[in-house]
Structure formats: structure tokens, C-alpha cells
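Tertiary structure, described
So the chains spell out like this:
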Amino acid sequence: MRFGLFYQIQVPKPWSDDSELKRIHEALDQITYAEEMGFDSVWFSEHHFRPVWSHNSAPDLTLAAVSQRTSRIRLGIGVVLAPIHHPLHTAARMATLDILSRGRVDVGLGRTGYPYQLTPYGARLQDTRGMWNEFAALLPRMWTEELFEYDGTYYKIPPREVLPKPVQKPHPPLWSACSSDETARLTGRLGFGALFGSEGGPAKVEQLMELYNDAMQDSQAAHRMRRAALMTAGYCHEDRKMVQQRGTELVGWYMEQQRERARLVWRDFDPSTVPPDYQGYYNRDQRLANGPYPDDPTPQQVVEKGTSFCVGTPDDCIRFIETYEALGIEEVFPLCAIGPARHEEVMNTLRLYGQYVIPHFKAKQASPAETVTRVTA
């Protein structure tokens, strides 16, 4: 089991002139401390036009700053929004980041599940799957071929030397977000690592992982990487009363922001033009936008159940992670800097992970009994 951090750079209102500055520099300090606590990676999302929820529209620049403050922790983008970038730009920027970090970059690719952050860049929903497919096929070739050219539907590139080349060979690990059956199968066929979300609970993750693993077995990709990681919201405190109070407040804010996202991201979009491969996202968001519903779990119930988010005491967090470890999850990335969480609260969560949670799993890995169990399973 490996541990990472996930960041959106969430900036709750009311804002001051230095709100964004404080949040980004707090994140830099948190990541430096996380490396000391034994965390293995940090992942930044890419979102655009998403006030409060994510002020992190240039994650490669933030990670470039991280690369100069750390020496071991890996740097992941989860995910590059392929339809709004040209693959030549992404190839050059990710290779440069790999050089700056001396070979510590992981690159996730996605297309986003809604139009709000696509249409200002001229991307059309009906084109995003085809653009993503070409993008995912092109990127490794740009990093590994001395002279690259391509003549496709969405990208036409004459023979060129794409520079610089990344440090990692054959190239940085590639990942994809797996939020639907289609993306889980596609990620496996491409031989990419899989990024799952915990919101749907263990049953949903198990279903998607089965599709991913089946597709990975049949993959003809030249460089296959079977890895499964879980992104979740995280808060840890020694005092159960604080978990029940503050943890519930943070989960409540997080859940309401998901509803706010759903109310925003289809604004001004004609429902009759939603492509078939986006219909599931549209239906999901319409339901969320009109919530909460009487039968929806409350934030307190979500915290008490303990399977949707990694919120609790160190023992609770260990149990949460072990639940997903049993499904085949190998890496967990908690988003600890949840909107209203103060810098000191985030640092305390990181301290508790470093003091209790991470050592627990390292001890399991070092145990001969555990090793025998894994070999014979």
C-alpha cells in the first residue's frame, strides 16, 4: 500500500486579496511535510472556471514548484484534460516537469464529464472521446520516437523532433480516471494505471476494478501498467468527538459542493444535444443538482458508515484503507485540504498518517506472515 495526497486547491468564500496565495503556499508547505511523514506521491487535479471547488487550473506549474522543495515524493496530474490541450504542449510540459523533478512524474489523462470547462476552449462534447483516444495514443510516441509524425482525425502533425524527452524510460507512467464502465474498460485496454473515486463506496469500486482488470488481461498495449489507486476525501483526528463534529462539517461542505458543481456544469447547455456517451453524466448531475433528497444519507451518516470517505480516527482510517486494499487498491490519495479545513488541521492529519496509518501498512508489508499469505493467495 502506497500513500499520496490529492489537491484541488479549494478556496471557500468569503475571499480576500490573498486567499489563493495562502492556499497554494499552504499546500506547498503541507506537501513538504507529507514527504517527511512518509507519503509517496502528490496529485493535483486540473479544473477550469470552478470557483471555490478548484483554483488549480495550471497543475504542472504548481508541481514544478513542488519538485524544487522535495526530493522523493512523486508528482501526479489527475488528470490532464485532453480535449482542451494540444498533445505537443502536454508532451513538452510533462517532459520538462520530469526533468525538473529528476524522473518523478505521473500523468493522468481524462476528458471531463461536463461541458462547462470545455466549451470556452472550443471543444465539443461529441468530439471528446475521439480526441482523448488519439491523445492517449500519441503521447507515449512523442516521448519515445526520435522523429514523430501523425495524420489523424483531430491532430495532424508533420515530421518533427518533439523535445525535450522525459527522464523516465520509456516514458512517465500513464493513468486514467475510471468513473464509468466505459472508461474502466478503456483504461485497461490501453494498459494505463486506474484512478478510482471512493464516493460510490466499495461496491462501485469493486465493479469498476473487475472491468479494468479484465480489460488489462486482454490488453495489447506495448507497456502495460496494472496499478489501482483510490482518490477520497480525508480527515483524521485522535479525538472521536472531533471526528463527529469537525469531520461531519467537512464532509457536509464537500457533499454540498458536489451539488453546487452539478448545478453549474450544465448551465446554458441544451439538454437535447447531450451526446449518448455523456447522458449518464448529465442524468447524474441533474439528480445531484436537485438534492439533497429525503433518502440521501446525511453527512453524519456518511461519516459513521465510514466507507465513502476516509474520515475518522487513525484506526478508522486504517479500516477504511484495508476495506479497499482487500479489493485490490494499492494506493490511496486522500484530499485532506478540504475547503474549510485550516492549515493546522491538514498538518495534523498528515502527522497522524505519518505516526500511525502509514507505519501500520509498512509493518504489514514487512511481516513474514503477510508475505506468505499474499504469495499463497
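Residues numbered from 1 in each chain as written. Predicted model: local features only at pLDDT ≥ 70, side-chain atom pairs only at ≥ 80, totals over all residues. Heavy atoms only, no water.

Below, the discussion takes up the layout of surface pockets. Estimates place the volume of the second largest pocket at around 400 Å³. In terms of lining residues, the second largest pocket is bounded by 20 residues, among which Pro140, His171, Leu174, Phe192 and His223 are the most central. Among the elements of the structure, α4 (128-144) and α5 (181-190) are those that each provide at least two residues to the lining of the second largest pocket. Here the lining of the second largest pocket gets 6 residues from one element, more than from any other, and that element is α4. When grouped by side-chain class, the residues that make up the lining of the second largest pocket number 12 nonpolar, 5 polar and 3 charged. (1 Å grid on protein atoms, 1.4 Å probe; cavity = no way out; pocket = protein on both sides within 12 Å on 5 of 7 lines; lining within 4 Å. Points joined across faces, edges and corners; volume = space filled by probe spheres on them. Helix = DSSP H or I, 4+ residues; strand = E, 2+ residues; numbered from the N terminus. Nonpolar A, V, L, I, M, F, W, Y, C, P; charged D, E, K, R; others polar.)

Another aspect to go through is the environment of Leu350. Position of Leu350 among the secondary structure elements: in helix α11 (residues 343-366). In this structure Leu350 comes out as buried when scored by relative accessible area, which is 0%. Along the backbone, Leu350 and Phe39 are 311 residues apart, and their C-alpha atoms lie at a distance of 8.7 Å. Ignoring anything within four residues of it in the chain, the contact list for Leu350 reads Leu5, Gln30, Tyr33, Ala34, Met37, Phe39 and Cys336. (Buried < 20%, exposed > 50% of the residue type's maximum accessible area, 1.4 Å probe, protein only. Contact = heavy atoms within 4.5 Å.)

On average, residues of the chain score 95 in pLDDT, and 97% of them are at 70 or above. Confidence drops under pLDDT 50 across residues 371-377; counting only partners more than four residues distant or on other chains, this segment forms 3 contacts. (pLDDT = per-residue confidence, 0-100.)

A separate point is the nonpolar core. Core analysis: the largest hydrophobic core is formed by 112 residues, its most contacted members being Leu109, Phe196 and Tyr353. With 8 residues, the single largest contributor to this core is α4. Tyr353 has contacts with Phe3, Phe39, Cys236, Cys310, Cys317, Ile321, Pro334, Ile358 and Pro359, leaving out every residue within four places of it along the chain. (Core = buried A, V, L, I, M, F, W, Y, C linked by side-chain atoms within 4.5 Å.)

Applying the stated criterion across every chain yields a total of 1 cavity of 30 Å³ or more. Volume-wise, the largest cavity comes out at about 80 Å³. Taken together, Tyr7, Ile9, Gln10, Arg23, Glu26, Ala27, Gln30, Ala337, Ala341, His343 and Val346 form the lining of the largest cavity. Elements with a contribution of two residues or more to the lining of the largest cavity: α1 (19-36) and α11. The element best represented in the lining of the largest cavity is α1, accounting for 4 residues. Of the residues assigned to the lining of the largest cavity, the class counts are 6 nonpolar, 3 polar and 2 charged.

Bringing the pattern of salt bridges into the picture now. Opposite charge on two side chains allows them to pair when their charged atoms are near. Scanning all chains against the criterion turns up 27 salt bridges. Note that Arg124 and Asp127 form a salt bridge whose closest N and O atoms lie 2.9 Å from each other. Residue Arg124 is classed as partly exposed on the basis of its relative accessible area, which comes to 45%. Close ionic contact of Glu325 with Lys364 constitutes a salt bridge, the shortest N to O distance being 2.9 Å. On the criterion of sequence distance, the pair formed by Glu325 in helix α10 (residues 314-325) and Lys364 in helix α11 is long-range, its members being 39 residues apart. With a relative accessible area of 16%, Lys364 lands in the buried category. (Salt bridge = Lys/Arg side-chain N within 4 Å of Asp/Glu carboxyl O.)

Of note, Ala233 is situated in strand β9 (residues 228-236). The class of Ala233 is buried, set by a relative accessible area of 1%. The contact partners of Ala233, leaving out residues within four places of it in the chain, are Tyr254, Phe309, Cys310, Val311, Leu335 and Ile338.

Right, let's talk about the pairing of strand β6 (residues 156-160) for a bit. Pairing between strand β5 (residues 148-151) and β6: 3 bridges, direction antiparallel. Bridge pairing links Asp151 to Lys156 in β6. Where β5 folds back onto β6 in an antiparallel hairpin, the turn is made up of 4 residues. (Pairing = 2+ DSSP bridges.)

Pairing geometry for strand β4 (residues 105-110) and strand β7 (residues 174-177), over 3 bridges, is parallel. Looking at β7, one finds that Leu109 is bridged to Ser176. Of the strand pairs in this sheet, β7 and strand β8 (residues 193-197) are connected by 3 bridges, and their pairing is parallel. Of the residues in β8, the one forming a bridge with Ala177 is Leu195. With respect to chirality, the unit in which β7 leads through α5 into the neighbouring parallel β8 is right-handed. (Right-handed = clockwise from strand over helix to strand, strands pointing away.)

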